[in-house]
Amino acid sequence: MDILDPDETIEALGLPCLRELSTFGALSDEVIVDLLTNGVIRRYASGEYISRLDQVASGFEVVLQGRFAFYKHGEDSDVLTRYFCAGEQMGFDLMIGLISHNGIDVAVEESLLLDISSEQFYELHVSFPADFGLLMINLSRELAREIAMLEDVIGKGTGWLGEATPGG
């Protein structure tokens, strides 16, 4: 894992590419630059992992490039539950819920990850309230999609999905 220079990363990826990432959707260029400049950008080689089991989340990450696999920690094994792709956030739900990390993130390919601390998140709220509102919508939308995906998995696993409709 290497820590990258934010200016070089912004130059290499380009603001047009960064604007297309779902977490950054509709944010001003000024805020995107602020997030990358005040966050920590890390490059992970394929197979490198982040293990923070039982540590309370003190921030979250945005996948800038590449892909991570998330393995949920269980009693006897770790189980692949999903992939995080470019533009998606990892750990926002944990930070907001003050929940401990409960799995391991593994880079599937060379990947760039932006770490945003809870302090930086708060400062964004103070300094850029309108953009912060947009960021919250983007993050909430992604959480809603994750909930819908989990409902589908649970529904298929229990056999009730497709057999009955709510209220019917």
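Above this text sits the structure in question.
Keep in mind that this is a model prediction, so the values were computed, not measured.

Trainee: Provide a residue-level description of the sheet that holds strand β8 (residues 103-107), including the pertinent values.
Mentor: Within the open sheet, the 4 strands sit side by side as β3-β8-β5-β6. Their pairing is antiparallel. Of all the strands in the sheet, just β3 (49-51) and β6 (78-85) have a single pairing partner and so form its edges. Adjacent strand axes in the sheet meet at a mean angle of 20° when their direction is disregarded. Judged from the 3 bridges that link them, β3 and β8 form a sheet pairing that is antiparallel. In the strand pairing of β8, Tyr49 is matched with Val106.

Trainee: Let's hear about the packing of aromatic side chains: which residues, and what values?
Mentor: In total, this model carries 6 aromatic pairs according to the counting rule given. Relative to Phe84, the ring of Phe70 has its centre 6.5 Å away and its plane inclined at 80°; by these criteria the two rings are edge-to-face. Taken together, the positions of Phe70 in strand β5 (residues 67-73) and Phe84 in strand β6 put the pair 14 residues apart, joining distant regions of the chain. Just as Phe70 is buried, Phe84 falls in that class too. Aromatic pair Phe92 and Phe121: ring centres 5.7 Å apart, planes at 70°, arrangement edge-to-face. One end of the pair, Phe92, is in helix α4 (residues 92-97); the other, Phe121, is in helix α5 (residues 118-127), with 29 residues separating them in the sequence. With a relative accessible area of 9%, Phe121 lands in the buried category. Here a set of aromatic residues connected by ring pairs shows up, and it is made of Phe60, Phe92, Phe121 and Phe132. Its end group placed over the ring of Tyr83, Arg67 keeps NZ or CZ at 4.6 Å from the ring centre. For Arg82, the ring lying beneath its charged end belongs to Phe84, and the centroid distance is 4.0 Å.

Trainee: Hey, could you go over the nonpolar core for me, with residue numbers and the actual values?
Mentor: Core analysis: the largest hydrophobic core is formed by 28 residues, its most contacted members being Leu18, Phe24, Leu35, Leu36, Leu64, Leu114 and Phe121. Those elements that place two or more of their residues in this core are α1 (6-13), α3 (29-38), β4 (59-65), α4, β9 (111-117), α5 and α6 (129-158). In terms of residue count, the dominant contributor to this core is α3 (4 residues). Those residues in contact with Phe24, other than ones at most four positions away along the chain, are Leu18, Arg19, Ile32, Leu35, Leu36, Val62, Leu64, Leu114 and Asn138. In terms of nonpolar packing, the next biggest core, distinct from the first, is built from 9 residues, Tyr44, Phe68, Phe70 and Met90 among them.

Trainee: Can you explain a nonpolar patch on the surface? Please cite residues and give values.
Mentor: On the surface, Met149, Leu150, Val153 and Ile154 cluster together into a nonpolar patch covering about 380 Å² of accessible area. In this fold, Ile154 is placed in helix α6.

Trainee: How would you sum up the pattern of salt bridges? Please name residues and give values.
Mentor: Per the counting criterion, the structure on display carries 7 salt bridges. The partner of Arg52 in a salt bridge is Asp105, and the shortest N-O contact between them spans 2.8 Å. Taken as a pair, Arg52 in the loop between β3 and β4 and Asp105 in strand β8 lie far apart in primary sequence, 53 residues in all. On the basis of relative accessibility, which here comes to 13%, the residue Arg52 falls in the buried class.

Trainee: So what's going on with the pairing of β8? Residues and values would help.
Mentor: Burial analysis of β8 places 4 of its 5 residues in the buried class, the great majority of the element. Pairing between β5 and β8: 5 bridges, direction antiparallel. Within β8, the position partnered with Phe68 by the bridge is Ala107.

Trainee: Let's hear about the environment of Ala57: which residues, and what values?
Mentor: Structurally, Ala57 can be placed in the loop between β3 and β4. Looking at Ala57, the relative accessible area reads 6%, which means it is buried. Along the sequence, Ala57 and Ile96 sit 39 residues apart, while their C-alpha atoms lie 8.4 Å from each other. The residues contacting Ala57, other than those within four sequence positions of it, are Leu94, Met95, Ile99, Ser100 and His101.

Cut-offs applied
Residues numbered from 1 in each chain as written. Predicted model: local features only at pLDDT ≥ 70, side-chain atom pairs only at ≥ 80, totals over all residues. Heavy atoms only, no water. Pairing = 2+ DSSP bridges. Helix = DSSP H or I, 4+ residues; strand = E, 2+ residues; numbered from the N terminus. Axes fitted to C-alpha atoms, helices over the stretch in contact; angles between N-to-C directions. Phe/Tyr/Trp six-rings, centres within 6.5 Å; stacked < 30°, edge-to-face > 60°. Buried < 20%, exposed > 50% of the residue type's maximum accessible area, 1.4 Å probe, protein only. Lys NZ or Arg CZ within 6 Å of the ring centre and 35° of its normal. Core = buried A, V, L, I, M, F, W, Y, C linked by side-chain atoms within 4.5 Å. Contact = heavy atoms within 4.5 Å. Patch = residues over 30% accessible without salt bridge, like charges linked within 9 Å, V, L, I, M, F, W, Y side chains within 5 Å. Areas by Shrake-Rupley, 256 points an atom, 1.4 Å probe, with all protein chains shown as cover. Salt bridge = Lys/Arg side-chain N within 4 Å of Asp/Glu carboxyl O.

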